[in-house]
Every structure is written in C-alpha cells, then in structure tokens.
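# Breakdown of the fold
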Amino acid sequence: MGDSRTRPKASPRQKRMQRRRAQAARSAAAEVVRFLRTEQIGGLVLLGATALALIIANSPLADAYQRLSAYTFGPQSLHLHLSVAQWAQDGLLTVFFVVAGLELKRELVVGELRSPRQAALPIAGAIGGMVVPSLLCFLIAFGAPGGADAWAVPVATDIAFALAVLAICARDLPPSLRVFLLSLAIVDDLGAILLIALVFTAHVAFLPLLGAAAVLVVYGLLQQFRFRGWWLYLPLALAAWALVHASGVHATIAGVAVGLLTRVKPDPGEHESPAEALEHRIQPISAGICVPLFAFFSAGIAISAGALGAIFTDRASLGVLLGLVVGKTVGVLLGAVVAVRSKLAQLPEALEWRDLVAVAVVTGCGFTVSLLIAELAFGYGEQQARIKGAVLLGSLIASLLAAVLLRRQVRVRAR
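Residues numbered from 1 in each chain as written. Predicted model: local features only at pLDDT ≥ 70, side-chain atom pairs only at ≥ 80, totals over all residues. Heavy atoms only, no water.

With that settled, the discussion passes to the pattern of salt bridges. If you walk through the whole model with that rule in mind, you get 11 salt bridges. For Lys 328, the salt bridge is made with Asp 188, and the minimal N-O distance between the two is 2.7 Å. Of the two residues, Lys 328 sits in helix α14 (residues 315–341) while Asp 188 sits in helix α8 (residues 175–199), which places them 140 residues apart along the sequence. The two residues Lys 328 and Asp 188 agree in class, both being buried. Residues Arg 386 and Glu 382 are paired through a salt bridge, measuring 4.0 Å at the closest nitrogen-oxygen approach. Of the two residues, Arg 386 and Glu 382 both sit in helix α17 (residues 382–414), four residues apart, roughly one turn of that helix. What makes Glu 382 exposed here is its relative accessible area of 63%. Members of the salt-bridge network, linked through shared partners, are Arg 226, Arg 228, Arg 263, Asp 267 and Glu 270. (Salt bridge = Lys/Arg side-chain N within 4 Å of Asp/Glu carboxyl O. Helix = DSSP H or I, 4+ residues; strand = E, 2+ residues; numbered from the N terminus. Buried < 20%, exposed > 50% of the residue type's maximum accessible area, 1.4 Å probe, protein only.)

In structure tokens, the structure reads:
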C-alpha cells in the first residue's frame, strides 16, 4: 500500500501557477526595493516611523513600548549585551553611516567635492551651518541646566529627510540645487560624526581600537587588490564595528570608515564600482529598515501641552529649536555669501540666491543625527525628552517653511 501522506505530484498547470506566483512575489519585492531607493519614499517611511512612535508613546501601549526599548539581548562577553534601543542606535544606524561614507567618498573622488572650486560653496555653507547654530544654541542655553551639552545637537542635517523635502517640493528647480544640498549635508554629517568621536567618547580602550584599525586596513587593502568576495568583507565589517564599539568610540564611526575605504572608481570592464554596488544593495535596507527603526525607538516621547510648553521655557531645548530653525538658515547663507564674496567659490549659473535661501532653511531638518547626538549628550530623563522634542519640532518647522519657499521658487521660475 502506498503511504497516504505522500503528496501527489503537481500537474503542469499547478507548476505554471507556482512559477507565476513566485515571479509575482519577486517582482513585488523588486518594486518595493526600487521605491525605497527614491528619496521621497525614504523620507515618508522615516516620517511614518516617527509618527507611529509618537502615537504609541502617547497611548495605552506606552509602557509596552518602553519595555520593548529597554529589553536587552546579545553576548555579554563581547560587550554587546544591549537594549533594543541601543541596538538600533549603535547597530542599525551604522548601516546609514556606511551609506553616508560611500556618498562622501564618491563626492570627494568623482563628484562635486573633487574640485576645490566646486567644493568651496557647499563646504563653506556646511561650516557656517555647523558653527552658527552651535553658537546660537550655546548663547541661549548658557548657564542653564544642560546648556553645556546642548550646543552640539543642532549641528547636523538629516540627508534623507532634507533630500525628501527637496524631491517632493522642488522637482522643477535646477539639479544643481540637489547637488549643493547633498554635498552640504554630507560635509555637515561628517562634522557631526567627528563631534561624536571627539566629544562624546568618555573613555577609550586602545587595544580594541587598534584591532579595529587593523581590520579596516585589511578591508582597504583587499579593496585595492580588487578582491571581490563579499563573504570576507562582511565579517571584516562586522568585526570592525564590534571592536569600535568595545573601544568606547561610537560604533557608527566604523560604518563611515567602511564607506570611505570602499573603492568608488570602476576599473575598465567593470559595470559598476564596488561602492556603487554596495550602496545599491544596502541603501534600501538603510532607508526602509535601519533608519526608520532608529527613529521609532528614538522619537517615542510623551507629548502634552505642558511638555510642548517646556520646550520653550527650558533654555537648552529652546536653543536647540532656534539653532535648527534660525541658526542653520543663517549659518548656511552666511558661509555661502562669504565664499562667493571672497572669490573662493561662485554661485552655479542655474541657481539664484533665493534658491539657496530655501535650501538653507531645509538644512534645519536635523532629525536622525540630531536625535543621536541628543541621546549621547543627555542620556535618559526628562531633559532628553525635551531636547528630542525640540529636534522633532524644529525639523518639522524647518521642513514646512522650506516646502513653502521651494514651491514659491517653482512658481516664480515657471512665470
């Protein structure tokens, strides 16, 4: 007797249906990945994750949300027994910084930043956009509780969020405007990364740090020798991340280093460079999973009339808010004006100063990196929640103001 549990063979028609379903699933997955590569969708996913965190944190599920954020797992022997929120901050956000490192390397080698003349304008804007908001925040918060730590929070510009605002509101403006914003935001984030490494590292264990440096040297040499095996690059990147984390330096620095060490110029016969191939694969993961999850576990703060009012009465929070909305705009424009007037740079022919005003406003979207610095500077507590609230509110105000100005520029140019 045959075994009644034996499955009957699929008919040719059933096999065709199975192949069609598998093909449809692959096509759907490819379409999702393609959408996640667009700046508008990445920004909307990030905004959706933030909104969801705020809704949950102000609902009956708030306690469950806090317990989930605080739940710890990972190997204690490797100093990786971390909470879910820490894994999002130190682990998932590293993927975002790999993408940032790749973009920076590309701009330095083959992009706008390769020429000193071309690079001067966004670099000057980025420097002004870091110095002025920091000074403004410091002056407002001077002598207040937390005032000595708040100055670093409004330094950064969120690349994904700022480019999403530009892509949604200014499709008809010259492409050089996006190039300016991208280059500025990359330099801006590089400054924030250096701040994280230099200011927010209380203790450095040099042995793990040397180990991380050795691993990264091996990674860089393999790139130069044209080694192609991802199966070796992935463990090296993970080892560099774990060693940097164990050293006490923020682990996202390892992500930037990996991006900067990846080769960006394709060899003759190569369809794409290793940097292009890596970014093509991990950018959707960064935009669709890593950054939204970080935002979800970072942006969940309690909101009430009293909490919103406290942002304006607490001078450290007010300094962060005004640093993002006012300081970034003034700083970017001031840096650009100084560079152009001193003949170090020139305004691209297709751009007007009014275009740069709108872009300067959008740089106030600090968001991801500003939230990270807020967590590093303030730890846990009510003031951290107020500082995060100031980051979210300042980023929202900056994005709305920028949207209005960008749409106005589109209408003016269409006349």
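More follows now that the structure is in view.
On to the side chain of Asp 90. For Asp 90, the position within the fold is in helix α4 (residues 84–109). Of note is the side chain of Asp 90, whose polar atom sits 3.2 Å from the side chain of His 245. Setting aside its immediate chain neighbours within four residues, Asp 90 contacts Trp 241, His 245, His 250 and Ala 251. (Polar contact = N/O pair within 3.5 Å; in protein donor to acceptor, adjacent residues only side chain to side chain. Contact = heavy atoms within 4.5 Å.)

Right, let's get into a nonpolar patch on the surface. A surface patch of nonpolar side chains, amounting to about 320 Å² of accessible area, comprises Ile 123, Ile 127, Val 131 and Leu 135. Within the secondary structure layout, Ile 127 lies in helix α5 (residues 116–141). (Patch = residues over 30% accessible without salt bridge, like charges linked within 9 Å, V, L, I, M, F, W, Y side chains within 5 Å. Areas by Shrake-Rupley, 256 points an atom, 1.4 Å probe, with all protein chains shown as cover.)

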